[in-house]
Amino acid sequence: MKQVKNEMKMEFLASSSNEGFARVTVGAFVAELNPTVDELADIKTAVSEAVTNCIIHGYEQKEGSIWIHCCIDGQQVEISVTDTGKGIQDIDQAREPLFTTKPELERSGMGFAFMEAFMDEVEVVSEPWKGTCVIMRKTIGQG
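Everything numeric in this text was worked out from a predicted model, so none of it was measured. (Residues numbered from 1 in each chain as written. Predicted model: local features only at pLDDT ≥ 70, side-chain atom pairs only at ≥ 80, totals over all residues. Heavy atoms only, no water.)

Visitor: Can you walk me through the packing of helix α1 (residues 19-30) against helix α2 (residues 37-58) in this structure?
Guide: Each pair of packed helices gets described by two things: the angle between the helix axes and the distance between those axes. At a minimum axis separation of 9 Å, α1 and α2 run at an interaxial angle of 145°. In this structure, α1 crosses over α2, and the sense of that crossing is right-handed. Side by side, α1 and α2 meet where E19, A22, R23, V26, G27 and V30 of the first sit next to L40, I43, K44, T45, V47, S48, V51 and T52 of the second. Residue composition of the contact of α1 with α2, by class: 7 nonpolar, 4 polar and 3 charged. (Axes fitted to C-alpha atoms, helices over the stretch in contact; angles between N-to-C directions. Helix = DSSP H or I, 4+ residues; strand = E, 2+ residues; numbered from the N terminus. Left-handed = near helix turned anticlockwise from the far one by under 90°. Contact = heavy atoms within 4.5 Å. Nonpolar A, V, L, I, M, F, W, Y, C, P; charged D, E, K, R; others polar.)

Have a look at this one:
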C-alpha cells in the first residue's frame, strides 16, 4: 500500500523572530516520517538558513513575506522556502562557500553550503527583483 502524500503550506512575516517558528513547524510536520535526531536537526538547520537568507538578503531586513511549502511523498520530504525580495544576481556565486553580500553584518557566507551539506538536494530558482525560491529535498531513513 502506497503511503498517502501529505503537504503543508504557511506564510509568515520576514522577521528574525519567526525563524524559530519556521524551524519548529517544519520539524513537527516532518516528525510523521520518524526521523532520527540528526535527520531532524539537519532539516531544521537547512530551513533556518533558507529563512534567514530571505530576511537578510531577500528583503534586507525590511517588510515582506516568506512562504514555506512542505510535501511528503513516501520517505522523502521536499521543502520550498520562497520570498518576493530582491532576488539573486548570480546564483553560482551566491552558492560559493564564504561568499556574502553582507560582510558588514558579519554574515559567514555559509548558508547555501549548510543547506547543501544537510539536505540531499538543493535547487535555487531566482530572478532579480522578483524573488527567490530554495527547494530542498531529503529522504528520511537512508542511514
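Visitor: Help me understand α1 in this model?
Guide: Owing to its 3.6 residues per turn, the α-helix aligns residues three or four sequence positions apart on the same side. Here α1 is 12 residues long and its end C-alpha atoms lie 17 Å apart, about the 16 Å a rise of 1.5 Å per residue gives. At its buried positions, α1 is contacted by β1 (6-13), α2, β2 (65-73) and β3 (76-83). (Expected span 1.5 Å × (residues − 1).)

Visitor: Before we go on, may I ask you to explain the sheet that holds β3 in this structure?
Guide: Reading across the sheet, the 5 strands line up as β1-β2-β3-β5-β4 and stay open at both edges, with antiparallel pairing between neighbours. What marks the edges here is a single partner per strand, and that holds for β1 and β4 (121-127). Strand after strand, the sheet turns through a mean of 10° between neighbouring axes, direction not considered. Sheet analysis places β4 next to strand β5 (residues 131-139), joined by 7 bridges and oriented antiparallel. Residue pairing across strands places V122 opposite M136, the latter belonging to β5. The sheet strands contacting α1 are β1, β2 and β3, and the helix crosses β1 at an angle near 170°. Its contacts with the sheet place helix α4 (residues 111-118) against β4 and β5, and it is angled at close to 25° to β5. (Pairing = 2+ DSSP bridges.)

Visitor: Please clarify how the environment of I79 should be interpreted in this entry.
Guide: Within the secondary structure layout, I79 lies in strand β3. Separated by 71 residues in sequence, I79 and M8 place their C-alpha atoms 9.5 Å apart. Leave out the neighbours within four places in its chain, and I79 touches V26, I43, V47, I68, H69, C70, M119, V134, I135 and M136.

Visitor: Whenever I open this one, the packing of aromatic side chains confuses me. Can you help?
Guide: In this description, a pair of aromatic rings is defined by centroid distance and the angle of the planes. Tallying each qualifying case throughout the model produces 2 aromatic pairs. Aromatic pair F12 and F21: ring centres 6.1 Å apart, planes at 85°, arrangement edge-to-face. On the accessibility criterion, F12 (6% relative accessible area) is buried. By relative accessible area, which is 42% here, F21 ends up partly exposed. Summarising the aromatic geometry, the rings of F114 and F118 are spaced 6.1 Å apart at their centres and angled 15° between planes, so their arrangement reads as stacked. You can see F114 and its partner F118 sitting in helix α4, 4 residues apart, about one turn around the helix. Relative accessible area serves as the criterion here: at 24%, F118 is assigned to the partly exposed category. (Phe/Tyr/Trp six-rings, centres within 6.5 Å; stacked < 30°, edge-to-face > 60°. Buried < 20%, exposed > 50% of the residue type's maximum accessible area, 1.4 Å probe, protein only.)

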